[in-house]
Structure formats: C-alpha cells, structure tokens
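Architecture and fold: a report
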Amino acid sequence: MLETASDGSLTVVTDDTFATVVLAADCPVVVDFWADWCPPCRAVSRSLAELAEEFAGRMVVATIDTDANPAATRAYSVMSLPTLLVFRHGTVVGSIVGSRPKHHLRQSLARHLDG
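Residues numbered from 1 in each chain as written. Predicted model: local features only at pLDDT ≥ 70, side-chain atom pairs only at ≥ 80, totals over all residues. Heavy atoms only, no water.

**Quick look at the overall build of the protein**
For the protein, the helix and strand inventory stands at four helices and six strands. In sequence order, the secondary structure elements of the protein are arranged as β-β-α-β-α-β-α-β-β-α. Over its C-alpha trace the protein gives a radius of gyration of 13 Å, about what one expects of a compact globule, namely 13 Å for 115 residues. C-alpha extents for the protein along the principal axes are approximately 35 × 30 × 25 Å. Counting over 115 residues, the protein shows a buried share of 42%. At a minimum sequence separation of 6, the contacts of the protein that also span at least 24 residues come to 70%. Put simply, the protein shows about 6,100 Å² of open surface, and 53% of that area lies on carbon and sulfur atoms. When the 9 basic and 13 acidic side-chain charges of the protein are each reduced to a single mean position, those positions are 10 Å apart. (Helix = DSSP H or I, 4+ residues; strand = E, 2+ residues; numbered from the N terminus. Rg over C-alpha atoms; globule rule 2.2 N^0.38 Å. Buried < 20%, exposed > 50% of the residue type's maximum accessible area, 1.4 Å probe, protein only. Contact = heavy atoms within 4.5 Å. Areas by Shrake-Rupley, 256 points an atom, 1.4 Å probe, with all protein chains shown as cover. Lys, Arg positive; Asp, Glu negative; His and termini not counted. Charge placed at Lys NZ, Arg CZ, Asp CG, Glu CD.)

**What about the state of the cysteines?**
For the structure on display, the rule yields one disulfide. Across the disulfide, Cys38 is cross-linked to Cys41 (sulfur-sulfur distance 2.3 Å). Disulfide Cys38-Cys41: torsion about the S-S bond near 80 degrees, hence right-handed. Exposure class is identical for Cys38 and Cys41. Each is buried. (Disulfide = S-S within 2.5 Å.)

**Comments concerning the UniProt feature "active site" (unreviewed entry) in the protein**
Sequence positions flagged by UniProt for "active site" (unreviewed entry) are, in local numbering, Cys38 and Cys41. Ignoring anything within four residues of it in the chain, the contact list for Cys38 reads Leu81 and Pro82. For Cys41, the location among the structural elements is in helix H2 (residues 39–54). When its relative accessible area of 1% is taken as the criterion, Cys41 is described as buried. Each residue touching Cys41, except ones within four places of it in the same chain, is listed here: Trp34, Ala35, Leu81 and Pro82. (UniProt positions renumbered as here; feature names shortened; annotations may be inferred.)

**With respect to the pairing of strand S3 (residues 29–34)**
Counting buried residues along S3, five of its six residues qualify, which places the element largely inside the surrounding structure. As paired elements, S3 and strand S4 (residues 60–65) share six bridges and run parallel to each other. Counterpart to Trp34 in the pairing with S4 is Asp65. In terms of handedness, the path from S3 via H2 over to S4 forms a crossover that is right-handed. (Pairing = 2+ DSSP bridges. Right-handed = clockwise from strand over helix to strand, strands pointing away.)

**Observations concerning the pairing of strand S6 (residues 91–97)**
In terms of strand pairing, strand S5 (residues 83–88) meets S6 through six bridges, oriented antiparallel. Among the inter-strand pairings, Arg88 is bridged to a residue of S6, identified as Thr91. Here S5 hands over to S6 after two residues, with His89 in that stretch at a positive phi of 55 degrees.

Shown next as structure tokens:
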C-alpha cells in the first residue's frame, strides 16, 4: 500500500515499493532522495509538494528516505542530498543534485512531461 506525506501530495516510496511505484509507472516519476538530517532537503520537499499538485495526473512526485531505504540509494549511486532522479519507463532520464529554487525545479521537471 502506498503512503502519502501528511499534505497528501507526495508519494512515499521504500526499498520494497520502489520497483512497483517508480520503475513500473506509466508516467514520468521524480524521486526525491532525502534525509531527515539534511536542511536543504526540507526546502526542496516543500517545493516538490507544491509542484506535485501542479503536475498531478502528468507526473508522480515521490520521496524516499535514504537512511531508512539504503538499497535504492545504493542502486542509483546517490552520494549527495537532496538528489532528484526522473524516471521514465524504469530508466533514469534526468537528475538534479542539490537544492534549487521552485521555479528551477518546475522548469527542469516540466521538460519530462508528455506534450
């Protein structure tokens, strides 16, 4: 079963649900790799929560806690936080490493939407 963040807009994935939610998705999925101890991660998460509503139905915005889910973190060689990976049909097609303002995230992620 999928969990959603307290605001209801972000899809929370784990090592156990990553393949089903992210890799098997029919639409683009952006995954926010974050950790509780990472202050820039909080700012990016707030922006992503707002963008999730904006992109609803066209892109899934997911979040994964790297400390609690080391397998996915290792599998995609995530070395810095926050890291956003964009998946399409199970393949990484884009990435953003580090904190960025919301307008930059919107512009970067919008490139991965279908027409």
